[in-house]
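Architecture and fold: a report
Listed below are the residues making up each chain.
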Amino acid sequence: QLDPENTGFIGVETFASLVHSHELPLDPAKLDMLVALAQGNDEGQVCYQELVDLISSKRSSSFKRAIANGQRALPRDVLLDETGLGIYKRFVRYVAYEILPCEMDRRWYFYQHRTCPPPVFMAAVTLTQIIVFLCYGARLNKWVLQTYHPEYMKSPLVYHPGHRARAWRFLTYMFMHVGLEQLGFNALLQLMIGVPLEMVHGILRISFLYLAGVLAGSLTVSITDMRAPLVGGSGGVYALCSAHLANVVMVSQGTRGHRKGNRGWMAFSEVGRAVWLRFSPPLPASGPQPSFMAHLAGAIVGISMGLTILRSYEESLQDQCGWWVLLLSYGTFLLFAVFWNIFAYDLL
């Protein structure tokens, strides 16, 4: 009745009177966004499809482009001006400002955030790593530099070139750690960065990014450091951290640079420590110490593939050409690394 020509649009005044007369229970924040869209329209009209996207908590690409280009603006102030929030909503706002560099994305995430599903992936990985570390620490009675214990390197979880035929080791090494320092560093970053990232981007994207970094780390070590074993989840941790830092640098408006800088220095210091342990171990060792190449491989995965994932907040990855190019590149690397592990060791 309101759109007899079936154009998909009605006037904003007509829509406002409809909402008022029927007392529709619309979310005030979403209603403000819809009015902002109508204000950005030359004819001041409300689009039916945009209404459907808002009600279903899905944002169209045209909506995001219009906001990003400054053609439309939301009428409310920034989230920092929101008052009377509970503890959990303040935490959600904190996550929005830590993870999303764009004010529009922050507000959208804040208003459409749901507690279910919870960020269980990073928490489960961290808990498993702690349990495994405690088990080996109690068994070996050694809590620092555990790799110097010969029984530790015999674990079925550690990656070692001599056991590369056991394919599960290319992933399970992420549950093993050199000692308290490495475990503490990885667990801290996984909880400080990984959990907020999972809250914003979802379990599928973040788990894929983390595991891609872990797998790239072990395969890179198998190619570049062919005699060294590998332990720790640094490949996945650096994939998350580098993707997040790169995303913040690429879209730097409204970021909290001092916190990101501190994390960058923490990452550099951890890489330096890993290099030192690899080439100048503090104790005599019977063989090569764990490689540091997983750190670099994880960082490369994060800057390339992870940057695309994080910049595509609330958008489908399947619709982006760059995503398929990166996925093809990663698949090519995996195939090359697999063939390398099958043939190169015997030839070299």
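Residues numbered from 1 in each chain as written. Predicted model: local features only at pLDDT ≥ 70, side-chain atom pairs only at ≥ 80, totals over all residues. Heavy atoms only, no water.

**Things to note about the UniProt feature "active site" (unreviewed entry) in the chain**
Keep this limit in mind: UniProt positions are given in the numbering used here, feature names are shortened, and annotations may be inferred rather than shown by experiment. Secondary structure counts use DSSP, requiring at least four H or I residues in a row for a helix and at least two E residues in a row for a strand, with both numbered from the N terminus. Exposure classes here rest on a 1.4 Å probe applied to the protein chains alone. A residue is buried below 20% of its type maximum, exposed above 50%, and partly exposed in between.
UniProt's entry tags Ser234 and His295 with the feature "active site" (unreviewed entry), counted in the numbering of this structure. Spanning 62 residues, the named residues nonetheless gather at one spot, since no C-alpha pair among them exceeds 5.6 Å. Here serine 234 lies in helix 12 (residues 234-250). We classify serine 234 as buried; its relative accessible area is 3%. The residue histidine 295 is located in helix 14 (residues 293-311) in this model.

**Looking at a nonpolar patch on the surface**
As a reminder, the rule being used: Without a salt bridge and with relative accessible area above 30%, a residue can belong to a patch; like charges are then joined within 9 Å and nonpolar side chains (Val, Leu, Ile, Met, Phe, Trp, Tyr) within 5 Å. Only the protein chains shown count as covering a residue, and every accessible area follows the Shrake-Rupley method with a 1.4 Å probe. A carboxyl oxygen of Asp or Glu within 4 Å of a side-chain nitrogen of Lys or Arg is what we treat as a salt bridge.
A contiguous nonpolar surface patch, about 650 Å² in accessible area, is contributed by Leu335, Val338, Phe339, Ile342, Phe343 and Leu347. On the secondary structure map, isoleucine 342 appears in helix 15 (residues 321-347). For isoleucine 342, a relative accessible area of 46% gives the class partly exposed.

**Looking at helix 7 (residues 120-140)**
Just so we agree on the cut-off: A helix is expected to reach a length of 1.5 Å times the quantity of its residues less one. Directions pointing from the helix axis toward each C-beta atom define the arc.
The end-to-end C-alpha distance of helix 7 is 30 Å, a good match for the 30 Å that 21 residues give at a rise of 1.5 Å each. Residues Phe121, Met122, Val125, Thr126, Gln129, Val132, Phe133, Tyr136, Gly137 and Leu140 constitute the buried set of helix 7. Down the axis of helix 7, the smallest arc covering the buried residues is 130°, so these residues share one side. Turned more than 90 degrees off the buried face of helix 7, the exposed positions are Leu127, Ala138 and Arg139. Backbone geometry just after helix 7 places asparagine 141 at a positive phi near 55°.

**Remarks on the nonpolar core**
Note the threshold: Grouping buried Ala, Val, Leu, Ile, Met, Phe, Trp, Tyr and Cys residues that are joined through side-chain atoms within 4.5 Å yields what is termed a nonpolar core. Any two residues whose heavy atoms approach within 4.5 Å at even a single point are treated as in contact.
In terms of nonpolar packing, the biggest core is built from 68 residues, with Tyr109 and Tyr210 touching the most fellow members. Counting only elements with at least two residues in this core, the list comes to helix 5 (87-99), helix 6 (103-112), helix 7, helix 10 (180-201), helix 11 (203-224), helix 12, helix 14 and helix 15. When residues in this core are grouped by element, the largest group, nine residues, is from helix 11. The contacts of tyrosine 109, once residues within four sequence positions are left out, are Val92, Val95, Ala96, Leu100, Met199, Val200 and Tyr313. Counting residues in hydrophobic clusters, the runner-up holds six residues, among them Ile10, Phe15, Val19 and Val46.

**Focus: the environment of tyrosine 210**
Put simply, the rule reads: Here a polar contact is recorded for every N or O atom pair within 3.5 Å, except that within protein the pair must consist of a potential hydrogen donor and a potential acceptor, and residues adjacent in sequence are included only if both atoms are side-chain atoms.
Secondary-structure assignment places tyrosine 210 in helix 11. Assessed through its relative accessible area of 0%, tyrosine 210 is described here as buried. Counting along the chain gives 91 residues from tyrosine 210 to valine 301, while the straight-line C-alpha distance between them is 9.3 Å. In terms of polar contacts, tyrosine 210 uses its side chain to reach the side chain of glutamine 129, at 3.4 Å.

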